[in-house]
Protein chains: 6
Amino acid sequence: MTEQTQEPFARPDGRAVDQLRPIDFQIGIAPHALGSVLVSFGNTRVICAASIDNRVPGWMRAQKVEGGWMTAEYSMLPYSTHDRKQRDISRGKADGRTIEIQRLIGRSMRAVFDLKKLTGKTIWLDCDVLQADGGTRTASITGAYVAAQIAIQKLIAKEELEENPFTDSVAAVSVGVYKDTPVLDLNYPEDKDASVDANLVMTGSGKYVEAQSSGEEATFTREELDTLLELGAKGIAEISQLQKAAICEGLK
Amino acid sequence: MTEQTQEPFARPDGRAVDQLRPIDFQIGIAPHALGSVLVSFGNTRVICAASIDNRVPGWMRAQKVEGGWMTAEYSMLPYSTHDRKQRDISRGKADGRTIEIQRLIGRSMRAVFDLKKLTGKTIWLDCDVLQADGGTRTASITGAYVAAQIAIQKLIAKEELEENPFTDSVAAVSVGVYKDTPVLDLNYPEDKDASVDANLVMTGSGKYVEAQSSGEEATFTREELDTLLELGAKGIAEISQLQKAAICEGLK
Amino acid sequence: MTEQTQEPFARPDGRAVDQLRPIDFQIGIAPHALGSVLVSFGNTRVICAASIDNRVPGWMRAQKVEGGWMTAEYSMLPYSTHDRKQRDISRGKADGRTIEIQRLIGRSMRAVFDLKKLTGKTIWLDCDVLQADGGTRTASITGAYVAAQIAIQKLIAKEELEENPFTDSVAAVSVGVYKDTPVLDLNYPEDKDASVDANLVMTGSGKYVEAQSSGEEATFTREELDTLLELGAKGIAEISQLQKAAICEGLK
Amino acid sequence: MTEQTQEPFARPDGRAVDQLRPIDFQIGIAPHALGSVLVSFGNTRVICAASIDNRVPGWMRAQKVEGGWMTAEYSMLPYSTHDRKQRDISRGKADGRTIEIQRLIGRSMRAVFDLKKLTGKTIWLDCDVLQADGGTRTASITGAYVAAQIAIQKLIAKEELEENPFTDSVAAVSVGVYKDTPVLDLNYPEDKDASVDANLVMTGSGKYVEAQSSGEEATFTREELDTLLELGAKGIAEISQLQKAAICEGLK
Amino acid sequence: MTEQTQEPFARPDGRAVDQLRPIDFQIGIAPHALGSVLVSFGNTRVICAASIDNRVPGWMRAQKVEGGWMTAEYSMLPYSTHDRKQRDISRGKADGRTIEIQRLIGRSMRAVFDLKKLTGKTIWLDCDVLQADGGTRTASITGAYVAAQIAIQKLIAKEELEENPFTDSVAAVSVGVYKDTPVLDLNYPEDKDASVDANLVMTGSGKYVEAQSSGEEATFTREELDTLLELGAKGIAEISQLQKAAICEGLK
Amino acid sequence: MTEQTQEPFARPDGRAVDQLRPIDFQIGIAPHALGSVLVSFGNTRVICAASIDNRVPGWMRAQKVEGGWMTAEYSMLPYSTHDRKQRDISRGKADGRTIEIQRLIGRSMRAVFDLKKLTGKTIWLDCDVLQADGGTRTASITGAYVAAQIAIQKLIAKEELEENPFTDSVAAVSVGVYKDTPVLDLNYPEDKDASVDANLVMTGSGKYVEAQSSGEEATFTREELDTLLELGAKGIAEISQLQKAAICEGLK
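Numbering of residues starts from 1 in every chain and runs along the sequence as written. Chains carry letters from A onward and ligands carry numbers from 1 onward, assigned in written order. This being a predicted model, a pLDDT of at least 70 is required before a residue's local features are given, and a value of 80 or more before pairs of side-chain atoms are given or counted; all residues contribute to the totals for chains, interfaces and linings. Excluded from the side-chain calculation are hydrogens and water; included are all heavy atoms of the structure.

Another aspect to go through is the UniProt feature "binding site: phosphate" (unreviewed entry) in chain A. As annotated by UniProt and renumbered to match this structure, "binding site: phosphate" (unreviewed entry) occupies Arg97, Gly135, Thr136 and Arg137 of chain A. Maximum C-alpha separation among the annotated residues is 13.1 Å over a sequence range of 41 residues, consistent with a single clustered spot. When only the residues just named are considered, the largest cavity is lined by Arg137 of chain A. To qualify as a helix, a DSSP run of H or I must reach at least 4 residues; to qualify as a strand, a run of E must reach at least 2; elements of each kind are numbered from the N terminus. Of note, Arg97 of chain A is situated in helix H3 (residues 96-110). Contacts were defined at the residue level, with two residues in contact if any of their heavy atoms lie within 4.5 Å. With sequence-adjacent residues up to four places away left out, Arg97 of chain A is seen in contact with Tyr74, Met76, Thr136 and Arg137 of chain A together with Arg103 of chain F. Throughout this description, buried means an accessible area under 20% of the type-specific maximum (1.4 Å probe, protein chains only), exposed means over 50%, and partly exposed covers the range between. Using a relative accessible area of 17% as the deciding quantity, one classes Gly135 of chain A as buried. Apart from the residues within four sequence positions on either side, Gly135 of chain A is in contact with Arg21, Thr44 and Leu186 of chain A. UniProt positions are given in the numbering used here, feature names are shortened, and annotations may be inferred rather than shown by experiment. Cavities and pockets are defined on a 1 Å grid built over the protein atoms alone: a cavity is a set of grid points where a 1.4 Å probe fits but cannot escape, while a pocket is an open set with protein on both sides within 12 Å along at least five of seven lines, and lining residues are those with an atom within 4 Å of any such point.

Grid points are joined across faces, edges and corners, and a volume is the space filled by probe spheres set on the points. A volume near 1400 Å³ is recorded for the second largest pocket. If you trace the second largest pocket, you find 37 residues lining it, with Arg97, Arg137, Tyr188, Asp191 and Glu216 of chain A closest to the centre. Where the lining of the second largest pocket is concerned, the elements lending two or more residues are H3, helix H4 (136-157), helix H5 (188-193), strand S8 (196-203) and strand S9 (208-215) of chain A together with helix H1 (58-63), helix H3 (96-110) and strand S9 (208-215) of chain F. Amino acid classes used here: Ala, Val, Leu, Ile, Met, Phe, Trp, Tyr, Cys and Pro are nonpolar; Asp, Glu, Lys and Arg are charged; the rest, including Gly, are polar. Considering only residue class, the lining of the second largest pocket consists of six nonpolar, 15 polar and 16 charged.

With that settled, the discussion passes to the relation of the copies chain F and chain A. Structural alignment of chain F on chain A gives an RMSD of 0.0 Å, achieved by rotating through 180° and translating 0.1 Å along the axis. Interpreted geometrically, this transformation is the action of a two-fold axis. Of every C-alpha in chain F, the one belonging to Gln212 of chain F sits nearest the axis of rotation, 2.1 Å from it. Here 100% of the interface residues in chain F have copies in chain A that are interface residues too; the copies meet face to matching face. When the copies are superposed, the least-squares fit takes in the C-alpha atoms of residues with a pLDDT of at least 70 in both.

What follows is about the interface of chain F and chain A. Many structure descriptions define interface size as the accessible area lost when the parts assemble. Taken together, the contact between chain F and chain A spans 29 residues of the former and 29 residues of the latter. Buried area is understood as the total, over both parts, of accessible area removed when two parts are fitted together, assessed with a 1.4 Å probe. Both sides together, the interface formed by chain F and chain A hides about 2700 Å², and carbon and sulfur atoms give 48% of it. Of all residues in chain F, Tyr208, Glu217 and Arg222 of chain F give up the largest surface area on contact with chain A, accounting jointly for 24% of the area buried on that side. Salt-bridge detection follows one rule: a side-chain nitrogen of Lys or Arg within 4 Å of a carboxyl oxygen of Asp or Glu. Summed over the shared surface of chain F and chain A, the result is six salt bridges. Residues Arg222 of chain F and Asp226 of chain A are paired through a salt bridge, measuring 2.7 Å at the closest nitrogen-oxygen approach. Pairing of N or O atoms within 3.5 Å defines a polar contact, subject to two protein rules: one partner must be a possible hydrogen donor and the other a possible acceptor, and residues neighboring in sequence count only if both atoms are side-chain atoms. Viewed at the interface, chain A and chain F are joined by 14 residue pairs in polar contact (both at pLDDT 80 or more). Where the side of chain F that touches chain A is concerned, the elements lending two or more residues are H3, S9 and helix H6 (222-251) of chain F. Broken down by element, the residue count for the side of chain F that touches chain A peaks at eight residues, all from S9 of chain F. Its residues assigned to classes, the side of chain F that touches chain A shows ten nonpolar, eight polar and eleven charged. Relative to S9 of chain F, S9 of chain A runs antiparallel, the two being bridged by five bridges. DSSP-based pairing: two strands are paired if at least 2 bridges between them are found.

Before going further, it helps to spend a moment on the interface of chain B and chain C. Listed per partner, the contact involves 29 residues of chain B and 29 residues of chain C. A buried area of about 2700 Å², summed over both sides, lies between chain B and chain C, and 49% of it is on carbon and sulfur atoms. It is Tyr208, Glu217 and Arg222 of chain B in chain B that bury the most area against chain C; as a group they hold 24% of the surface buried on that side. Between chain B and chain C we count six salt bridges in total. Between Arg222 of chain C and Glu230 of chain B there is a salt bridge, with its nearest N and O atoms 3.0 Å apart.

All right, on to the sheet that holds strand S7 (residues 181-184) of chain D then. Spatial strand order, S7(D)-S6(D)-S8(D)-S9(D)-S9(E)-S8(E)-S6(E)-S7(E): eight strands in an open sheet with antiparallel pairing. Only two strands of the sheet have a single neighbouring strand rather than two, namely S7 of chain D together with strand S7 (181-184) of chain E. The sheet shows a mean angle of 15° between the axes of neighbouring strands, direction not considered. Inspection of the sheet shows strand S6 (residues 170-178) of chain E paired to S7 of chain E by four bridges, in the antiparallel sense. Each bridged residue has a counterpart across the sheet, and for Val175 of chain E the counterpart in S7 of chain E is Leu184 of chain E. Note on geometry: axes are C-alpha line fits, over the in-contact stretch for helices, and angles between N-to-C directions span 0 to 180 degrees.

Rendered as structure tokens:
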């Protein structure tokens, strides 16, 4: 390779391979929800809101399951994408991707949450994407935790809940292989061209909740997978600190 | 009644009967739409976005109608109300109120718009209520006009449109009879208890587009109707000025 | 203008501007309903039937609301229009116009009806258009009142109801601006070309229930609105007399 | 059995076992359809309308099938039954019985109709039950033929069709075993208690189109089946004469 | 016709006009159902399974009907036809033919079954066509009886049921007029070209449950109908013997 | 722990932690599909069928994408579970889990398939679970590859395809943490109680296609993840050999 001039690798927005986009939490975006936040990962912005319903779902009542329930709904607002995205209700059904994502958000939250302590309540976590630039599902999980934790602490302050059911914090980030290089927190131009796309959900204490790696009509090796897992763990450690600070600030 | 002390009439938030709530336009809330605004009438806040589709609907192509089309969709985000509102897609269909409102928004816009000048394009106006405190449909019309006007002027600036199809501005406000007193721009506590509820849509030049007055399981007289029409006209004159300033500012 | 001969204004069917079409009520068209009528406004003919259900809707039982309920459903039979209209069930959903109209019929009836007196019952008002020639929604309201009043009086006669919950009669008529001239009770050729279209719902004692005026992709002035309101009030006074006579006759 | 007094067999309305109910055809009930009739078999009354669409269904265009198409839709109006019947659109789908019946009506008509001669057109046969008292499907077939034949003859008169595609007339009647006795043209009280229920569709020249016999949670013998087939053939011969007269009268 | 050589009649697979295809029952195809069978009529193969639900449908509870319920569902697996058949769920609704067939299966079973003896239980009969070559509905009825009878006898053996509610066996076969010749048990090539198509459901003791004959856009005479009924009776007698043997074998 | 007798770890069916269930492929289960197999992983049995459609989806034609398409549908037959599972069509929509699984099957296949070489065709992969005992999605992927590979080779033999678009084989297996022990190929009793559940999709050459690990309302460490990945790789190597043999046999 001595004589061949190879163009050096560069990310579209100039970040280092292990660098997150600027992350921001604007607490209280939806005042009628008990907890809410507008979370930004660069130009990806998602409204996350936690609403309390003083009932549990029908299936819990029918099966006499004790405790409470926490579930999530996700949608992309029609103007969140460059080309307007048709509403689910106009198409008549939620698409497969939407359903996958909202199930992932719900599972991720419940992995660090003791439902038994939420007696008789349901927490609805709504994640609506205001602007999409890659990583909307991981931003949603990250913001949903912040909204839910704020809602929980307000319930405790109002003496409607005795103990905090959260056992840890939870955050998510995407990693992927872009131009043969593993990178952290892909934006849309990177995501579109990535050959491997992974979403990691981890706790504040560094444990895994979900690790989903998927070749985009491609395959990947164990070595690539290991590098992606490392990058993700580094990113989530940073995000967890930012979540903590935002919740603190939001509860002042 | 000489000796009886009657409690004087007062609005819940202390406004004069002909006083609007504070109105605000935050331009550019949804950057992927060509025009967008977060419009506030007090605590009622609605995201309004105008997106351009370089096609016309199937029925226009089938019937070979010339020009373009402009249509609206309205929804209440689940966390916009005190008790979480189930998403349309979860219930399986848009409810009657939603359909009525989005038809009203579309009709109102088209009354001051020359569709012939929008050759081959569709403008989608999306109105999503972030926080509901009465008057969401009138705030939506008011904001949708601002978003659409900004989008149109950007299309002209980009030379994708020759002439501005808008023939006038359009705004809307609610009026109603609350505790036997006609008042302007009802908030939710007033709206809930009003015996007559009217929505007026008028142009910047003072003409009517829609005038819908409805007894809430009650009736009203011609005199009451006249008073409501006066109050509305005054309110819309003020709102039209605020729209003009916001558009100016937004296009800087 | 002295020498120019202007064609004098004329309505397509030769009526005076303030003249109703021939109105007729054929009582008992659907014998299995407790009250029913085939109402005609000229060539617009609607089957209106009032059926009694000895239960209240689920939401009333859930919220323990006392009294009864009255609601309406509207549809255009497929052969009511010159070009066959597809059934709602074939399209998979009721269209927006249908939903608007059936909500309007229900609200109009409830404005002159004391639901508290209808303990434990639901009145279903079904309006099916047999032939459409303009003004199907106002004919539906006018006929639905006749069917409902007959059903109520039969319930009283059968001693299944103590007191008549109706507090007044209710009727409706359309008015509009056709060829720059305000006219009463538009037929389809007029309606199609009207620049302003209004629907008035009023009581037998001359109070308003709904007043909806709408520019058809056009605007209108306060003076035009006032003229329309006058025309409508005159028409409804006449219709109310005809309703009264029809109910009398129908109960013989 | 000499001393035992057995109550003699009697039909609820006193008819002979092989006697039809009074049958009537009121031509022109829905003037916007090219052919229409309100057919009555006693208290069973059905609006039947034939509408012409100058297109063929998508599947015929796609498969380049020549000729035209004829299809039927059936519904029970909500007030046709003693207890109000919920609309299909409110339940979200047509029920199985409705679908079975409308398929039967369509098949029956096409059995005596040469689709090849209806070039490029679709005939829609709508059958809406106004009052139900047993035998609504057979009344629908009987009336649909009358409406369709009138529409066809008008098309020919207007020179929009060259030749009559009908090859025969078609009519239908129900037969069944009521209180162990085979009877013709069951009304609702008979139908409800019948152990065997059969619907026969036959041509004016005495051929079969459909013969459906069904034990109602019961079985039947070959002898019973033969008797039912005889009764039905007699009834249809009479109905065919009445159809012929009604069409003649309707085309005057 | 003395000198004209006419090609002798032959069935596509060489069978005699009154000969059934090879019939086979593979018991236990779906071990999680209490009774199951893969039934074959030649190349038509259907999975039939009887599952027990220890509840009755909501309408039975609501109307306090005593006993149990038995109902059927039918579907064609997408790969059962030469050209892949789209799943009902992808099309959004069951088609009319599917609904007709599953209603027929349910009715046929209930005709030989005393629901009163099935206290508090529902039997679900699922019929999924694995390979379609004509006669899938009659194969489904024939197999559903075998699956249900096995399930019933297992319930009795487990002492969850006291008495066998079946009062007779039930089987079905198709007959039709193919190339002007009445034939028994049509395969797909015959069925496609048949001018008359009949489905007979009969009991082991030779009584009729359903007899449905239908001209395929054609008509038929009483003589043809009589011949078809004879052929069917002969076929069902043979099938009933095979069912009996299969059940015996399956319960060993 | 010296004196405490701890019960040694044992799997419910006695397998070693790294031992697969007996795997079997019954080729040709659905003869009307070009390729089909009944795949068994122990008591989990899935019908997998590959059908060819000589068209590409509408979106490919609209976007003028070259090549072909391959997609999957998954369903659980109602009798595949111990308690009967309601059909999707009865519930009105596919559930979230179904949609996730069929998307996974499709993605997995396309990762080892060059769609460009399948000019103008769509391969439908249908996976219907006949009996469910854990691991139905991994069995479906494993069987779908076998069915698709057979179909492809038959297309080549029929000279309807020039080159084999498959670039590798693909198989899947589940791994998980059961009673604190990582195990391979979980059956239902293990799956139900597993704290971590992972599904691995890998190629015959040992590359990853998908690696999805998920804490079941629980978290897991990097060490546990590594062990699971090892177990899965071992299992898939064995399964790949069995696939190869089955395809060979099936094409004889």
